[in-house]
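The residues making up each chain are set out below.
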Amino acid sequence: MSLHDDAVLVLKDYEDQAELRQLYLDHLDCHPDGIWKACEAGHLTASALVIDPEREQVLLTLHKKLGMWLQMGGHCEPGDATLAAAALREATEESGIEGLALLPGGPVALDRHPIPVPCHWHLDVQYAALAPGGSVEAISDESLDLRWFDYAQVPDVADESVVRLMERTRSALR
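In what follows, the accompanying structure is described. Quantities reported herein were computed from a predicted structural model and do not represent experimental measurements.

Parameters at a glance
Residues numbered from 1 in each chain as written. Predicted model: local features only at pLDDT ≥ 70, side-chain atom pairs only at ≥ 80, totals over all residues. Heavy atoms only, no water. Phe/Tyr/Trp six-rings, centres within 6.5 Å; stacked < 30°, edge-to-face > 60°. Helix = DSSP H or I, 4+ residues; strand = E, 2+ residues; numbered from the N terminus. Buried < 20%, exposed > 50% of the residue type's maximum accessible area, 1.4 Å probe, protein only. Lys NZ or Arg CZ within 6 Å of the ring centre and 35° of its normal. Axes fitted to C-alpha atoms, helices over the stretch in contact; angles between N-to-C directions. Parallel < 35°, antiparallel > 145°, perpendicular 65-115°, else oblique. Left-handed = near helix turned anticlockwise from the far one by under 90°. Contact = heavy atoms within 4.5 Å. Nonpolar A, V, L, I, M, F, W, Y, C, P; charged D, E, K, R; others polar. Expected span 1.5 Å × (residues − 1). Arc of directions from axis to C-beta. Salt bridge = Lys/Arg side-chain N within 4 Å of Asp/Glu carboxyl O.

1. Some remarks on the packing of aromatic side chains
- Taken as a whole and judged by the stated rule, the model has one aromatic pair.
- Consider the rings of W69 and F149, whose centres lie 5.0 Å apart with planes at 80°: the pair is edge-to-face. Remark: F149 occurs in strand β8 (residues 143-150) and W69 occurs in strand β3 (residues 69-70); sequence separation between them is 80 residues. No difference in accessibility class separates W69 from F149, as the two residues are buried.
- The ring of W121 has R112 lying over it, and the distance from NZ or CZ to the ring centre is 3.4 Å.

The following block contains the structure:
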């Protein structure tokens, strides 16, 4: 199965955010290359919010290009067999934490946001990942900083998309 086919199946199984989910599906239907960065109409990305083993904090990265505190994530790559694998790869690369485990049940949220030309949109498929006990984070080349935040701190440092992802993740943890 191709990554494109996996993305379609994941989105068809995702039962929330119906209007946005359909927009993603329509995009993939119209753009066979819609999962790749080269698709100028926009492309899917995969991300994961990393949660500490005690489920009390989230790990955010201070993105080097954007200067914003965000969850780990980025573009799909040819070696990614699934969207979940892409999200897990990105989270592992950007957090430096080995042994992350995605929460079961698929994505916890979708978020569509504009990006600079030549592309127009990131259609982010957002997962959540638990860090194993005793794990230690390490800043990647894509980040200016990496920091654990208590849930209550996130609205003070991150934008609404990250806050929404955190809230959906906390619901999924219950």
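Moving on from the coordinates now.
2. Some remarks on unusual backbone geometry
- Unlike most non-glycine residues, Q17 shows phi in positive territory, near 50°.
- Examined against the element boundaries, Q17 turns out to sit in the loop between α1 (3-13) and α2 (18-30).
- Of note, the phi angle at R55 is positive, near 60°, even though the residue is not glycine.
- By secondary structure assignment, the location of R55 is in the loop between β1 (43-51) and β2 (57-63).
- R55 gets classed as partly exposed once you look at its relative accessible area, which sits at 39%.

3. Some words on the packing of α1 against α2
- As a packed pair, α1 and α2 sit with axes 10 Å apart at the nearest point and diverge in direction by 155°. As summarised for this structure, α1 and α2 are arranged roughly antiparallel, according to the angle between their axes. Considering only the axes of α1 and α2, their crossing is left-handed. On α2, the residues touching H4, A7, V8, L11 and K12 of α1 are R21, Y24, L25 and L28.
- Split into classes, the residues belonging to the contact of α1 with α2 amount to six nonpolar, one polar and two charged.

4. Quick word on α1
- Listing the buried residues of α1 in full gives L3, H4, D6, A7, V8, V10 and L11.
- Structurally, α1 contributes buried residues whose contacts are with α2, β1, α3 (83-95), β6 (109-114) and β7 (121-130).

5. Some words on α2
- Taking 1.5 Å of rise per residue, 13 residues should cover 18 Å, and α2 covers 18 Å from first to last C-alpha, within 8% of that figure.
- The set of residues buried in α2 consists of R21, Y24, L25, H27 and L28. The buried residues of α2 occupy one face: seen down the axis, they fall within an arc of 155°. Opposite its buried face, α2 presents the exposed residues A18, E19, D29 and C30, each directed more than 90 degrees away.
- Lining the buried residues of α2 we find α1, β1, β6 and β7.

6. A short note on the pattern of salt bridges
- According to the stated counting rule, one finds eight salt bridges in the structure shown.
- A salt bridge links R89 to D80, with the shortest nitrogen-to-oxygen separation between them at 2.8 Å. The pair R89 / D80 is uniform in exposure class, with both members buried.
- D111 is the partner of R164 in a salt bridge, and the nearest nitrogen-oxygen pair spans 3.1 Å. Here the residue R164 occupies a position in helix α5 (residues 160-173), and D111 occupies one in strand β6, the gap between them amounting to 53 residues.
- Among the residues examined, R164 registers a relative accessible area of 40% and is labelled partly exposed.
- Residue D111 is classed as buried on the basis of its relative accessible area of 9%.
- Among the charged side chains, a network of salt bridges with common partners joins E77, D80, R89, E90 and E93.

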